[in-house]
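# Descriptive structure summary
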Amino acid sequence: MNPTADIGVIGLAVMGENLALNFASRNFTTAVYNRTTARVDAFMAERAAGKPLIGCRSIEEFAAALKRPRKILLMVKAGEAVDACISSLLPVLEPGDIVMDGGNSFYADTVRREKELAKAGIRYLGVGISGGEEGALHGPSLMPGGDASAWPEVEPMLKAIAAKVDGNTPCCEWIGPGGSGHYVKMVHNGIEYADMQLIAETYGYLRDRLHLDAEKIQAVFEAWRRGPLAGYLIDITAEILKVRDAGSGKLLLDLILDAPGQKGTGRWTSETALETGTPVPTLTQAVYQRNLDAAKELRQTGSRLLAPPEEAEPYPEEEQEEVIDALESALYCSKICAYAQGFELLKAAEQRFNWPLHYGEIALLWRGGCIIRADFLGEIKKAYDRNPELENLMFDDYFRTELDNGQEGWRLIAADALLSGVAMPAMFSAVGYYDSRRRADSPSNLIQAQRDFFGAHTFERKDRPRGEFFHHEWNQPGAEL
Ligand code: 2AM
């Protein structure tokens, strides 16, 4: 068989199928293979019919179908399946071939795989892909990283299938070496967790504090679609609030059990943040909150045993509009903090792995195609254009002004939620992050004193240069070393 395929996709679950169809729709001849070959047959007979796709029933047939150097995209389950696929591919590949992992792999696995495959002369890329099934089919956000020599060879194809913003700018740009593509995707997922949690808390406030009915809550999110929060997650929230259950005619959302699932990608972000000592409290609180909320029965017990605060005064009807404006500010400010934390974690990778990351480009990649896509990301791009070395997103003139303008409403909502007993822990964590980052004098002098008291861990002094360490004999005042 003459090799005719421009690219090959392994793994025909829905993401793999949709990406293969996306390549084919751009006139790239695409070879497909799946371990269970019945899936290849089904795909070829139905969705792929009449399109430039080549169904392969063995890994040898797949390798033979691909033009050299081969370009292969793995779309299999993250973890062992990726290693299994690589092992089966190795005997049929040649030096110079390019293997891309488009799954949600943990970045450290990508680092390892890239090194291993380099020994065989295979060029490996970890490609973060976001956008779900729809994105995969019509235009995802793509975050490729790894062996830089492979990038120019796959760039036209990846850019062709990517989402486009501002007319024709693809949401696909080279991230950097090693596992940086998957790292950036991981941080994206951490931010996504926070974004969703903050929106859910806001919905909870509208429902449980303002006692608005679904129609009114829908109207609130509908209005926010055109404000600073505009983006995909607000769009789908507004849509979700319209959908009725076919059987009962009730709002479907009201029938959905409040026990969230997770696949662990948010947890990776928090684990990595802890490893690098990077504070991402809002991202981590979002992970905790899925755990807290998943335990529905425990919460039911808690609701019987734990006393609420005294009933808060309901807001008079005429004040509701003002409170809803404050809530919009609160969500927006919290969101800025969540993104500031995510970008701090990107910066930590630059220091830890020596990956030179371009934060503005990353913001641009997320502007289209992916779950967190929002107009707001254009502002983040501009912030990093103004100052590529920006230490913290909140320090940018635009964002610090936005935070300042929004903080009255933000604090009002957070305080009212605390007093009335409505749990908004991600939002509380965001206010705490803001106040901690803007405080030149923290109370941690006491922590240092305590550590020195019980463990002789030493401290630096405000009246001495940094880097000089002191111990005090706390039980014998005056005896300082
Ligand atoms: P399957 O259809 O043969 O199960 C998502 O589960 C995708 O990952 C599917 O295409 C699945 O193939 C593939 N997959 C899961 N484990 C795999 C493995 N160990 N080797 C190859 N493909 C695997």
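Note that the coordinates shown come from a computational prediction; the quantities given were computed from them, not determined experimentally.

Let us look at the domain arrangement of the protein. Looking at the assigned domains, one finds that the protein contains domain 1 (7-178), domain 2 (185-438) and domain 3 (443-481). Centre-to-centre separation of domain 2 and domain 3, based on C-alpha positions: 39 Å.

What follows covers the packing of aromatic side chains. The geometry of two aromatic rings is summed up by the distance between their centres and the angle between their planes. Evaluated as defined, the whole model comprises 24 aromatic pairs. Taking 5.3 Å as the distance between ring centres and 45 degrees as the angle between the ring planes, the aromatic pair formed by Y359 and Y384 counts as tilted. On the criterion of sequence distance, the pair formed by Y359 in helix α16 (residues 359-365) and Y384 in helix α17 (residues 376-386) is long-range, its members being 25 residues apart. Both residues of the pair, Y359 and Y384, count as buried.

Read across the sheet, seven strands follow the order β3-β2-β1-β4-β5-β6-β7 without closing on themselves; strand pairing throughout is mixed. Looking at strand neighbours, the two that pair on one side only are β3 (53-56) and β7 (141-146), the edges of this open sheet. Taken pair by pair, the neighbouring strands of this sheet meet at an average axis angle of 25 degrees, ignoring direction. Here strand β1 (residues 7-10) pairs with strand β2 (residues 30-33) via four bridges, running parallel. Residue G8 lies in a different strand from β2, and its bridge partner there is A31. In the packing of helix α2 (residues 37-45) onto the sheet, contacts are made with β2 and β3, and the angle to β3 comes to roughly 155 degrees.

In this section: the site of the ligand. Taken together, G11, L12, A13, N34, R35, T36, R39, V76, K77, A81, A84 and C85 form the complete shell of residues around the ligand. K77 has a polar backbone atom sitting 3.3 Å from an oxygen atom of the ligand. Look at the ligand: alone it shows 470 Å² of surface, and the protein chains cover 76% of it. Here the shell around the ligand gets three residues from one element, more than from any other, and that element is helix α4 (residues 80-89).

The topology assignment puts S141 in strand β7. Note: C-alpha distance between S141 and T169 (28 residues apart in sequence) is 11 Å. Setting aside chain neighbours within four positions, we find S141 in contact with G128, I129, S130, C171, L365, W366, G368, G369 and C370. Polar contacts involving the side chain of S141 include one to the main-chain carbonyl oxygen of L365, which spans 2.7 Å.

Rules used in this analysis
- Residues numbered from 1 in each chain as written.
- Predicted model: local features only at pLDDT ≥ 70, side-chain atom pairs only at ≥ 80, totals over all residues.
- Heavy atoms only, no water.
- Domains from an automatic or database assignment.
- Phe/Tyr/Trp six-rings, centres within 6.5 Å; stacked < 30°, edge-to-face > 60°.
- Helix = DSSP H or I, 4+ residues; strand = E, 2+ residues; numbered from the N terminus.
- Buried < 20%, exposed > 50% of the residue type's maximum accessible area, 1.4 Å probe, protein only.
- Pairing = 2+ DSSP bridges.
- Axes fitted to C-alpha atoms, helices over the stretch in contact; angles between N-to-C directions.
- Contact = heavy atoms within 4.5 Å.
- Near = heavy atom within 4 Å.
- Polar contact = N/O pair within 3.5 Å; in protein donor to acceptor, adjacent residues only side chain to side chain.
- Areas by Shrake-Rupley, 256 points an atom, 1.4 Å probe, with all protein chains shown as cover.

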